[in-house]
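Observations on chain architecture
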Amino acid sequence: MKITDACVYPYPHGNSSVRRLALEARLLGYDSIVAMDTPACETEGVTVLSGLIIAGMPVKDVTNQIKRGKGQGVVVSVQARDNGFNRAVCGSKGVHILRDVACADKYAFDHVAAKIAADNGTAVDLDLSPIISQRGHAREKVIHRYFDILVLHNRFEFPLTISSGARSVLDMRPVREVSGLCSLLGMDIPDAEDALAGVGKILAPKETAVKVLS
Amino acid sequence: MSTRPPTLREKRRYLLAKIEPCGVPVDGKDLYYAIHEAATSLWGDVVVAAMQPAVITIEDGYAILRCRRGTERECAISLSTITGCRDNRIALRIIAASGTIDSLRDRIKDLGPYVMENGEVTSTETRDSSGSPSTDSRDCIFDTRLYRIVHSDGHKVDVIEKGFKNTHRLFLTTADLEEK
């Protein structure tokens with residue numbers, strides 16, 4: 001089980017180099033990180049996975065972009081939008097993570113989208129940066145959305161991932177503190193560990209329903 | 001007024017936290033306000049009243065904090081939501097919890113003091129990967145720009161761009177500086 005931070009932004013998006021983020025991740029207890037717009041590598045004892053965020057595009061363009069980047073080992077995340085878009089994206093092959101669900105409208109991720117995500121093995125990302133950095137109503141809103149996602153997760157069992165959205169080493173949090181922050185959402189330690197291992201699970205080759213033994 | 005006997009005093013726990021990034025001037029009072037604000041906004045006044053967070057001391061880049069026994073978890077979670085102190089961006093990394101301040105001071109001695117740079121390049125001490133102080137050059141080039149090294153510890157190197165326009169830190173490693 002690989003403990004993974006599902007989204008970090010290295011330099012030039014942030015103020016820390018990918019090596020420094022990897023070094024910090026190792027010290028904080030992570031095995032791998034998904035770094036946006038960075039080639040995959042192994043550095044400082046941490047596996048750096050290449051990440052791609054697709055945002056502000058219609059479904060057709062999302063599908064085209066996924067087709068172009070197919071087979072390159074990139075973790076594809078799509079920013080959530082309205083309900084129809086999320087349903088379509090969750091059902092698309094090649095989309096690994098649906099992120100920023102908390103920023104989308106209230107009913108953007110419903111039980112139908114959850115079922116499609118569970119069937120297709122698409123993970124929903126819980127970004128901890130709003131919980132860490134925001135205060136008051138903004139944070140309440142995000143926590144409420146995450147409660148909602150967790151209710152659907154318990155019912156449909158689609159994968160979850162946890163990301164720090166770190167643009168700096170100062171934004172990263174140790175695994176123990178991440179578990180603590182997840183406890184605010186009603187997740188216990190095994191749930192948080194499962195979610196931290198979510199990226200590894202969605203990237204693992206799927207077991208076929210029927211196995212040919214001989 | 002007579003002091004309470006030890007058995008009637010409330011039990012307290014002390015947390016040792018490392019202040020990152022190294023060398024940022026943090027005042028105890030400012031840190032207390034930051035912790036109080038973070039804890040109040042997350043848990044509310046009632047829990048914070050029960051938690052009684054306090055800053056005991058800040059020494060060598062570490063902060064010793066106090067809370068009521070049994071509220072360490074809540075205190076630790078609220079500490080993880082701190083992103084700044086006054087105008088400085090900081091992060092608190094909790095290292096240990098203990099029942100006495102002395103044991104945390106021993107822990108600081110074991111960890112070794114943080115190397116502070118006091119904002120001056122000349123006073124910046126740097127350490128190589130073996131932990132011994134090194135005297136590498138003060139300036140470096142990264143991404144075709146000239147930077148000033150403000151802190152270096154092992155593979156970690158913090159730099160600030162030379163000039164007066166951009167005073168934000170970049171967090172790099174020695175490998176980044178060798179490559180670019």
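The model shown is predicted, which means the values in this text are computed figures rather than measured ones.

In terms of regular secondary structure, chain B is built from five helices and twelve strands. Taking all 180 residues of chain B together, 31% fall into the buried category.

The next point concerns the overall build of chain A. Along chain A, the regular secondary structure elements total nine helices and eight strands. For chain A, whose C-alpha radius of gyration is 16 Å, the value lies close to the compact-globule estimate of 17 Å for 214 residues. Along the three orthogonal principal directions, the C-alpha set of chain A runs to about 45 × 40 × 35 Å. By the burial criterion, 47% of the 214 residues in chain A qualify as buried. Nonlocal contacts in chain A, meaning residues at least 24 apart in sequence, comprise 66% of its contacts between residues at least 6 apart.

Right, let's talk about the domain arrangement of chain B for a bit. For chain B, the domain assignment lists domain 1 (9-111) and domain 2 (126-179). Inter-centroid distance (C-alpha atoms) of domain 1 of chain B to domain 2 of chain B is 29 Å.

With that out of the way, let us pick up helix α1 (residues 28-43) of chain B. Under the 1.5 Å per step criterion, the end-to-end length of α1 of chain B is 22 Å for 16 residues, consistent within 8% with the ideal 22 Å. At the exit of α1 of chain B stands G44 of chain B, carrying a positive phi of roughly 95°.

With that settled, the discussion passes to the interface of chain A and chain B. Counting residues at the interface gives 20 residues for chain A and 23 residues for chain B. The set of elements that each furnish at least two residues to the side of chain A that touches chain B consists of α1 (18-28), α5 (129-133) and α7 (175-183) of chain A. Here the residues of the side of chain A that touches chain B are counted per class, giving eight nonpolar, seven polar and five charged.

All names here are of chain B. Judged by pairing direction, the sheet is antiparallel, and its four strands sit side by side in the order β2-β3-β1-β6 without closing on themselves. If you trace the sheet from one side to the other, it starts and ends with β2 (54-59) and β6 (91-98), each paired once. For this sheet the average axis-to-axis angle between neighbouring strands, irrespective of direction, equals 25°. Each of β1 (12-20), β2, β3 (62-68) and β6 is contacted by helix α4 (residues 101-111), which is oriented at about 125° to β6, the strand it contacts most.

With that out of the way, let us pick up the nonpolar core. Membership of the largest hydrophobic core comes to 100 residues, with the highest contact counts inside it found for L21, I33, V34, L98 and V124 of chain A together with A17 and A63 of chain B. Residues from two domains meet in this core; each of domain 1 (9-111) and domain 2 (126-179) of chain B gives at least three.

A few words on unusual backbone geometry. Across the junction of Y11 of chain A and P12 of chain A, the peptide omega takes the value 10°, indicating a cis bond. Looking along the chain, the bond that leaves E20 of chain B and enters P21 of chain B is cis, with omega of 0°. Secondary-structure assignment places P21 of chain B in the loop between β1 and α1. One non-glycine residue, D37 of chain A, adopts positive backbone phi at about 55°.

Attention shifts here to helix α4 (residues 111-120) of chain A. Spacing of three or four residues puts side chains on the same side of an α-helix, whose turn is 3.6 residues. All names here are of chain A. Every buried residue of α4 is listed here: A113, A114 and A117. On an axial view of α4, the arc spanned by its buried residues comes to 100°, and they lie on one face. In α4, the exposed positions that point more than 90 degrees away from the buried face belong to H111 and D119. Along its buried surface, α4 packs onto α3 (83-91), β6 (97-99), β7 (123-127) and α6 (137-156). Of the residues trailing α4, G121 is marked for its positive phi of about 70°.

Scoring rules and cut-offs
- Residues numbered from 1 in each chain as written.
- Chains lettered and ligands numbered in written order.
- Predicted model: local features only at pLDDT ≥ 70, side-chain atom pairs only at ≥ 80, totals over all residues.
- Helix = DSSP H or I, 4+ residues; strand = E, 2+ residues; numbered from the N terminus.
- Buried ≥ 20, exposed ≤ 12 C-beta atoms within 10 Å, placed from the backbone.
- Rg over C-alpha atoms; globule rule 2.2 N^0.38 Å.
- Contact = placed C-beta atoms within 7 Å.
- Domains from an automatic or database assignment.
- Expected span 1.5 Å × (residues − 1).
- Nonpolar A, V, L, I, M, F, W, Y, C, P; charged D, E, K, R; others polar.
- Pairing = 2+ DSSP bridges.
- Axes fitted to C-alpha atoms, helices over the stretch in contact; angles between N-to-C directions.
- Core = buried A, V, L, I, M, F, W, Y, C linked by C-beta atoms within 7 Å.
- Arc of directions from axis to C-beta.

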